[in-house]
Amino acid sequence: MKPKEFRYRHFLPEVILQCLRWYLRYPLSYRQLAEMVSERGIKVDHTTIYRWIQHYAPEFEKRIHWYARPSAWSLRVDETYIKVKGQWKYLYRAVDKYGRTVDFMLAHTRDLAAAKRFFKKMLKQCKYRPSSITTDKHCSYHTAIGELKKEGILDQNLKHRQIKYLNTILEQDHRRIKRRTRPMLGFQSFKTANRTLKGIEAMAMMLKEQTIYLTKSYQDQVRFFNRLFNVYA
């Protein structure tokens, strides 16, 4: 009997999850993935895989947060660029000092309102209030942190460091996202980009072994991924 998450789906849950896992993990296009699956004798259109990604990627991101380890006290915040329908959008990202993903947010603009919105969203994923936040020297970060301190959302003694070399760990982590999004040749809508990026970020958390149930074993990661969706081998 199929789990309720896959009820009324034409394909088996194992096939759907394998396509989801491969697409979010490796630099593949929808058409390339459809060709790979066809070698197993499974004929699936690339638009069908697209619909699977849009449906299950946000759910994957939500479920993996249930098992995520708490982040460290020291956070790094920065943004990178993602092309959506020919225009550059801003992907705000935060990791702790060990490189573990804390949170992310896709935004239309890079301004004070977007920075404050991201900080508030990020703090919901933190078990403890951070003691220090490292950013670049963009003025929106300094103003946003100052206003959040006044509102009582951040501690008054929080250290805001604007030292470029301390954000190197986050700059390197941006490359993981860039390598994955490059074969996509840009997104066609903001909603599509946001849903897909949720899955890519969640897969990055899994590869970083950010839950107590994960090891470096690929088979363990596959089993953990399937069990998130109540599919047991």
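Here the structure is a predicted model, which is why all the values come from computation and not from measurement.

Some details on the UniProt feature "domain: DDE" (unreviewed entry) in the protein chain
Okay, so step 1: In this structure's numbering, the residues bearing the UniProt feature "domain: DDE" (unreviewed entry) are residues 73–209.
Okay, so step 2: For residues 73–209, helix accounts for 41% and strand for 25%, while the C-alpha atoms at its two ends are 19 Å apart.

Structural notes on the domain arrangement of the protein chain
Okay, so step 1: Each assigned domain of the protein chain is listed with its residue range as follows: domain 1 (4–68 + 211–229) and domain 2 (74–179).
Okay, so step 2: For domain 1 and domain 2, the distance between their C-alpha centres works out to 29 Å.

Quick word on the side chain of threonine 80
Okay, so step 1: Relative to the elements of secondary structure, threonine 80 occurs in strand S1 (residues 74–84).
Okay, so step 2: Judged by its relative accessible area of 7%, threonine 80 falls in the buried class.
Okay, so step 3: Those residues in contact with threonine 80 that lie beyond four places of it in its chain are Lys89, Tyr90, Leu91, Arg93, His174 and Lys178.

Observations concerning the packing of helix H1 (residues 13–25) against helix H2 (residues 30–38)
Okay, so step 1: One way to put it is that H1 packs onto H2 with a least axis distance of 11 Å and a crossing angle of 135°. The angle between H1 and H2 places the two elements in the oblique class. Of the two elements, H1 crosses H2, and the hand of that crossing is right-handed. Here H1 contributes Cys19, Trp22 and Tyr23 to the contact with H2, which in turn contributes Tyr30, Leu33, Met36 and Val37.
Okay, so step 2: When the residues that make up the contact of H1 with H2 are grouped by side-chain class, the tally is seven nonpolar, no polar and no charged.

Criteria and thresholds
Residues numbered from 1 in each chain as written. Predicted model: local features only at pLDDT ≥ 70, side-chain atom pairs only at ≥ 80, totals over all residues. Heavy atoms only, no water. UniProt positions renumbered as here; feature names shortened; annotations may be inferred. Helix = DSSP H or I, 4+ residues; strand = E, 2+ residues; numbered from the N terminus. Domains from an automatic or database assignment. Buried < 20%, exposed > 50% of the residue type's maximum accessible area, 1.4 Å probe, protein only. Contact = heavy atoms within 4.5 Å. Axes fitted to C-alpha atoms, helices over the stretch in contact; angles between N-to-C directions. Parallel < 35°, antiparallel > 145°, perpendicular 65-115°, else oblique. Left-handed = near helix turned anticlockwise from the far one by under 90°. Nonpolar A, V, L, I, M, F, W, Y, C, P; charged D, E, K, R; others polar.

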